[in-house]
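Architecture and fold: a report
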Amino acid sequence: NPGKVSMRDIMAQATNVTAAGSDTTSGMLQSLFYHLIRNPTALARVREETDALPRDVLQHRVVPFAAVRELPYLQACIKEALRIFPPIPLTLPRVTPKGGMEIGGRWFPAGLTLSGSPWVLHRSRALWGPDAHEFKPERWLHKDGAQLERNFMPFGAGFNSCPGQHLARMEVSKITATVLRDYDLRLVDPDKEW
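Residues numbered from 1 in each chain as written. Predicted model: local features only at pLDDT ≥ 70, side-chain atom pairs only at ≥ 80, totals over all residues. Heavy atoms only, no water.

1. Observations regarding the packing of aromatic side chains
Operational definition: Ring geometry is summarised as follows: Phe, Tyr and Trp rings, the Trp one being its six-membered ring, pair when their centres sit within 6.5 Å, and such pairs are stacked at plane angles under 30 degrees, edge-to-face over 60 and tilted between the two. In this description a helix means any DSSP run of H or I spanning at least four residues, a strand means any run of E spanning at least two, and both kinds are numbered starting from the N terminus. The classification of residues rests on relative accessible area computed with a 1.4 Å probe and restricted to protein chains. Under 20% of the type maximum is buried, over 50% is exposed, and intermediate values are partly exposed.
If you walk through the whole model with that rule in mind, you get five aromatic pairs. Taken together, a centroid distance of 6.2 Å and an interplanar angle of 85 degrees make the contact between phenylalanine 85 and tryptophan 119 edge-to-face. Of the two residues, phenylalanine 85 sits in the loop between helix H5 (72–84) and strand E1 (94–95) while tryptophan 119 sits in helix H6 (residues 118–122), which places them 34 residues apart along the sequence. Classification of phenylalanine 85 by relative accessible area gives partly exposed; the value is 28%.

2. Focus on the environment of phenylalanine 108
Quick note on the threshold: The contact criterion used throughout is that any non-hydrogen atoms of two residues lie within 4.5 Å.
In this structure, phenylalanine 108 sits in strand E3 (residues 106–108). If near-sequence neighbours (up to four positions away) are discounted, phenylalanine 108 is found in contact with Thr96, Gly100, Met101, Ile103 and Leu114.

3. Topic: the nonpolar core
Selection criterion: Nonpolar core, defined: a set of buried Ala, Val, Leu, Ile, Met, Phe, Trp, Tyr and Cys residues in which side-chain atoms within 4.5 Å join the residues together.
By size, the foremost hydrophobic cluster in this structure holds 33 residues, and its most contacted members are Leu36 and Leu53. Counting residues per element, the ones that place at least two in this core are helix H1 (7–38), helix H2 (40–51), helix H3 (55–58), helix H4 (65–68), H5 and helix H9 (165–182). Apart from residues lying up to four places away in sequence, leucine 53 is in contact with Leu58, Val63, Ala67, Val68 and Leu71.

4. Section: the pattern of salt bridges
Stated formally: Counted as salt bridges are all cases of a side-chain nitrogen of Lys or Arg within 4 Å of a carboxyl oxygen of Asp or Glu.
Counting across every chain of the model gives 10 salt bridges. The salt bridge partner of glutamate 80 is arginine 139, with a shortest N-O separation of 2.9 Å. Of this pair, glutamate 80 sits in helix H5 while arginine 139 sits in the loop between helix H7 (125–128) and helix H8 (145–148), and the two are 59 residues apart along the sequence. Each member of the pair, glutamate 80 as well as arginine 139, carries the same accessibility label: buried. Residues joined by salt bridges that share partners form a network here, namely Glu80, Arg83, Asp131, Lys136 and Arg139.

In structure tokens, the structure reads:
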């Protein structure tokens, strides 16, 4: 439909999808490996969980997703790395509806463009507790871990959430298990914060 979409629009969308699909996954991996290396107990636990996979699974060049998606501690670490460092700094904007709306006890008039910040939401002590700024994968394994999902939006939420989030989580799961199987990681400068 050349009358509806210009070549410039197609190129802009292709560039956007490429950047969104690579930069976010890279950011997720950086956060996950950084926090695992800074938390030797968590790193050892993920490595132990990965090493316990069947030998035939571990012999694949890249550890299959079918195996790593079943590793609860690895998946908790991925969620926690996403919580601490969401790859998307702001969600897609929305316009307040006719008549306005109230969010968190604050009134917003109709027609106002709003966007949420996963960074701020994920570090709220009111929602996540006094350890909101700490990498603590165990929070996802408690009986109330499913309730935490209500306040978790590293890829946005609802209709406008990132369509590539499932692919990104799959990539991060496979890459993390494969790297931990094949390499011993350490920080070059342990005293330097990210």
